[in-house]
Every structure is written in C-alpha cells, then in structure tokens.
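Residues per chain are reported as follows:
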Amino acid sequence: MRRNIENIIGENIRNLRMQNELKQDALADSLHIRRQTISAYERGVTLPDIYSLMDIADYFDITLDELTGRTGKK
C-alpha cells in the first residue's frame, strides 16, 4: 500500500511541476530543499514528511487531499 501512495504523490508533484513549467531546481529552491529530494519524491524513492507535503501543497495552492490523491472515500 505504501508504495502506491509514494507513486501517487510523486506523480502528482511531477505533474504539477510540469504544468507550471518548473524544473526540479526551481521547485527545490522555492521549497528550500535539494533538487535530489524533489527527484526522490517524484520517483517514489522517498515519501515527503507532513511538513514538506504542506509546503508543496501551499506552493501549488492545492489541498493536501489533492496532492496525495485522497478522494475521501474509504
């Protein structure tokens, strides 16, 4: 289950970045993290902690539910 979540979050970060025509470096600089961290998120190698998720959601002006692919249905 966790692997699937990492893929959804990583894919969503990548899609948002691409839609906004941002390079990994530019997003990383804005979030005050390393480019390699963005790459790891996008590839599903690591999962952002809650504070990083909030920063990313705030940056793209979306909800945490949107970022994580959560639909509210169980």
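What you are looking at is a predicted structure, and each value in this text was computed from that prediction instead of being measured. (Residues numbered from 1 in each chain as written. Predicted model: local features only at pLDDT ≥ 70, side-chain atom pairs only at ≥ 80, totals over all residues. Heavy atoms only, no water.)

Caption draft 1: Examining the pattern of salt bridges more closely. Per the counting criterion, the structure on display carries 3 salt bridges. For the salt bridge of Arg17 with Glu42, the shortest nitrogen-to-oxygen distance reads 2.6 Å. Note that Arg17 is positioned in helix α1 (residues 2–19) and Glu42 in helix α3 (residues 35–43), a separation of 25 residues in sequence. Exposure remark for Glu42: the relative accessible area of 12% places this residue in the buried category. Of the charged contacts in the structure, one is a salt bridge between Asp65 and Arg70, with a shortest N-O distance of 3.3 Å. Asp65 sits in the partly exposed class, given a relative accessible area of 37%. (Salt bridge = Lys/Arg side-chain N within 4 Å of Asp/Glu carboxyl O. Helix = DSSP H or I, 4+ residues; strand = E, 2+ residues; numbered from the N terminus. Buried < 20%, exposed > 50% of the residue type's maximum accessible area, 1.4 Å probe, protein only.)

Caption draft 2: Molecular detail of the packing of helix α2 (residues 24–31) against α3. With their axes 8 Å apart at the nearest point, α2 and α3 run at an angle of 110° to one another. Relative to α3, α2 is oriented roughly perpendicular. In this structure, α2 contributes Gln24, Asp25, Leu27, Ala28 and Leu31 to the contact, and α3 contributes Arg35, Ile38, Ser39 and Glu42. Among the residues making up the contact of α2 with α3, the classes are represented as 4 nonpolar, 2 polar and 3 charged. (Axes fitted to C-alpha atoms, helices over the stretch in contact; angles between N-to-C directions. Parallel < 35°, antiparallel > 145°, perpendicular 65-115°, else oblique. Contact = heavy atoms within 4.5 Å. Nonpolar A, V, L, I, M, F, W, Y, C, P; charged D, E, K, R; others polar.)

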